[in-house]
Amino acid sequence: YSRSRDISEVIRLHTLGELERLMKNDPETYLIGKWMIRVFLMMHDPTVDVRLKAIAVIHSWYSETWRDRKIQEHLDDFAQRCLSHLVGRTGDVDARVATAAIRCLRQRSLADRLGDTDFEHVVNLCVGSEEPSVREEAASFINSHLFKDPGILAPQAVP
């Protein structure tokens, strides 16, 4: 638990990996809020690799379809509270983090919860970002959520 605040980025990365494994192996862990909050807080870590891993872990939570209603409801509640912070990561100083955040937001379960302002923010990155990878991911977001299937881009799976 306290290792998520360790001074060493290697330990923080390892902690994220272990939390991800724990939660996959024991889905009831999702119902213990402190674990999800730890991952959420690590999305704001000073180290790029830790931020990337935290976003990847959050992405994996919303990539799955949960049979257990309690877990799904808990994830829905968590999404409502952390979504604006994930949108904030789309403006990260590191383009890889910004791209990962947009990729995470491409998931229908998260994109459908975005308010108009946050949705427009992500859409505007398609032309407003200086980073080509961010513009490309924002274009994929637009393709996934504004155009009817199959859209205007070649079909892509959300990783």
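Quick note: structure is the one above.
Residues numbered from 1 in each chain as written. Predicted model: local features only at pLDDT ≥ 70, side-chain atom pairs only at ≥ 80, totals over all residues. Heavy atoms only, no water.

Give me the lowdown on the packing of aromatic side chains, citing residues and values where you can.
What the rule picks out here adds up to three aromatic pairs. Centre to centre, the rings of F40 and F78 are 6.2 Å apart; their planes meet at 90°, and the pair counts as edge-to-face. Of the two residues, F40 is situated in helix α2 (residues 33-42) and F78 in helix α4 (residues 69-88); the sequence distance between them amounts to 38 residues. Ring geometry for F119 against F141: centres 5.1 Å apart, planes inclined by 55°, an arrangement best described as tilted. With F119 in helix α7 (residues 116-128) and F141 in helix α8 (residues 132-145), this pair connects stretches of sequence that are 22 residues apart. Grouping residues by exposure puts F119 and F141 together as buried. (Phe/Tyr/Trp six-rings, centres within 6.5 Å; stacked < 30°, edge-to-face > 60°. Helix = DSSP H or I, 4+ residues; strand = E, 2+ residues; numbered from the N terminus. Buried < 20%, exposed > 50% of the residue type's maximum accessible area, 1.4 Å probe, protein only.)

Before we move on, could you go through the pattern of salt bridges and cite the residues and values that matter?
Inspection of the entire model under this criterion finds twelve salt bridges. The partner of E73 in a salt bridge is R69, and the shortest N-O contact between them spans 3.7 Å. Of the two residues, E73 and R69 are both situated in helix α4; the distance of four residues between them amounts to about one turn of the helix. What makes E73 partly exposed here is its relative accessible area of 45%. Each of R51, R89 and D92 takes part in one network of salt bridges that share partners. (Salt bridge = Lys/Arg side-chain N within 4 Å of Asp/Glu carboxyl O.)

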